[in-house]
2 protein chains.
Amino acid sequence: MNALETMILDKGLVLEGGILKVDMFLNHQIEPKLIMAMGRDFHEHFKDKPITKVLTVEASGIPIAMATALEFDVPVVFAKKGRHKNVGNDVYTSQVYSYTKGESYEINILKKYLTADDRVLFVDDFLANGAAAKGIIDIIGQAGASLLGIGIAIEKGFQDGGALLRGMGVDLYSLAIIDRMEPGKITLREHD
Amino acid sequence: MNALETMILDKGLVLEGGILKVDMFLNHQIEPKLIMAMGRDFHEHFKDKPITKVLTVEASGIPIAMATALEFDVPVVFAKKGRHKNVGNDVYTSQVYSYTKGESYEINILKKYLTADDRVLFVDDFLANGAAAKGIIDIIGQAGASLLGIGIAIEKGFQDGGALLRGMGVDLYSLAIIDRMEPGKITLREHD
């Protein structure tokens, strides 16, 4: 069991309606040592790949991406949410549908920070329906860059993002996969 | 000269209209080793203070806050921007006026992550007019917590946020203070 799985079982809360609260260590309050351990775990899985850049989406993905990029000694680029001030020839943009909020938002990356030479590891805090990942894959395609892997902190194994991405042949590695959750009980998938 | 100052002089760009672009290493693309060095520099300055929590505001402040909190071995809490889903008894909130955008936005911190026992170091990427810092100071006051210091990556020394905060008696430490800038030339303030 890795550090994140231990923390989820120890501190994670499941609210009525199937909402998982991990804001005491992952996405509002952050435990830096845990995040650094997650970066090392992602590096251990993806270390044989010639990653040149770690991509994420603001805001909760940023600390995880930084911890991971530090291990690979490459830069992080974080996609910004919302309409870019000067959308035009200088940014790649994609629409992401948020099931939680029931609306779409735009993600943007300046073209100069993602080129056809880049071999990308995308890192994010959550994977549910895979909407953010699809937006990032769209942008990677626009740049002509290569996606070498996706590292997810917490995958909701009962939603379809994981199956979708693995079905596309993506090397998807999730530190914790939740198979079932109800108030008071979180069931994590066993590792292979 | 610290790592950030060297990077600003090496890579920073000043556009017409007095806009400083550091998005190649600080706030869109991020250089993890630089950020970690900044965390060590903040720790060196504030290490004698009994910090219990590092606060910042999403999104660009997050990596710097994490690097700093790692040195102190304390959690980060990042204020979220925008209207909280359930503003009520569970969040502290404050209004921040953005001079760049000409409008106000709201910052929120869940009450359970900032208590009267907390001794706070606030860390952010930029200080210009001090609007974000004033919002955080407001929230720290609401919580009855103590502000022990403010660590800023880049202070625009020709704007009034620095003087305002130092005048309030805040221990404000900026890694780089820009006294003047024009296209092609950035003048940093000498350290004492």
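Residues numbered from 1 in each chain as written. Chains lettered and ligands numbered in written order. Predicted model: local features only at pLDDT ≥ 70, side-chain atom pairs only at ≥ 80, totals over all residues. Heavy atoms only, no water.

K.L.:
Before we go on, may I ask you to explain the overall build of chain A in this structure?
P.N.:
Along its length, chain A carries five helices and eleven strands. The globule rule puts the C-alpha radius of gyration for 192 residues at 16 Å, and the 16 Å found for chain A is close to it. Referenced to the eigenvectors of the C-alpha coordinate spread, the extents of chain A come out at roughly 50 × 40 × 30 Å. Residue burial in chain A is summarised as follows: out of 192 residues, 55% are buried. Across chain A, every contact between residues at least 6 apart in sequence was considered, and the portion connecting residues at least 24 apart equals 61%. Each charge class in chain A was averaged separately, 21 positive and 26 negative side chains, and the resulting centres sit 4 Å apart. (Helix = DSSP H or I, 4+ residues; strand = E, 2+ residues; numbered from the N terminus. Rg over C-alpha atoms; globule rule 2.2 N^0.38 Å. Buried < 20%, exposed > 50% of the residue type's maximum accessible area, 1.4 Å probe, protein only. Contact = heavy atoms within 4.5 Å. Lys, Arg positive; Asp, Glu negative; His and termini not counted. Charge placed at Lys NZ, Arg CZ, Asp CG, Glu CD.)

K.L.:
What is the right way to look at a nonpolar patch on the surface in this model?
P.N.:
Residue and element names in this part refer to chain A. A surface patch of nonpolar side chains, about 250 Å² in accessible area, is lined by Leu13, Leu15 and Ile19. Among the structural elements, leucine 15 can be located in strand β1 (residues 13-15). Residue class for leucine 15 comes out partly exposed when judged on its relative accessible area of 36%. (Patch = residues over 30% accessible without salt bridge, like charges linked within 9 Å, V, L, I, M, F, W, Y side chains within 5 Å. Areas by Shrake-Rupley, 256 points an atom, 1.4 Å probe, with all protein chains shown as cover. Salt bridge = Lys/Arg side-chain N within 4 Å of Asp/Glu carboxyl O.)

K.L.:
I tried to follow helix α1 (residues 3-11) of chain A on my own but got confused; where do I start?
P.N.:
Residues lying three or four places apart along an α-helix face the same way, a consequence of the helix completing one turn every 3.6 residues. Residues and elements named next belong to chain A. Among the residues making up α1, those that are buried are Leu4, Glu5, Met7 and Ile8. Taken end-on, α1 shows its buried residues confined to a sector of 165°, consistent with a single buried face. Contacts made by the buried residues of α1 are with α2 (32-46), β9 (146-156), β10 (172-182) and β11 (185-188). Taking the backbone nitrogen of leucine 4 as reference, a side-chain oxygen 3.2 Å away marks asparagine 2 as the first, capping residue of α1. (Arc of directions from axis to C-beta. Polar contact = N/O pair within 3.5 Å; in protein donor to acceptor, adjacent residues only side chain to side chain.)

K.L.:
How should the environment of B:Asn27 be read in this particular structure?
P.N.:
Inspection of the secondary structure assignment puts B:Asn27 in the loop between β2 (19-21) and β3 (29-30). Residues B:Asn27 and B:Asp125, 98 residues apart in the sequence, show an inter-C-alpha distance of 8.0 Å. In contact with B:Asn27, not counting residues within four places along its chain, are A:Phe78, A:Lys80, B:Val22, B:Ser60, B:Asp125 and B:Phe126. Among the polar contacts made by the side chain of B:Asn27, one reaches the main-chain amide nitrogen of B:Asp23 at a distance of 3.4 Å.

Keep in mind these numbers describe shape, not what the thing actually does.
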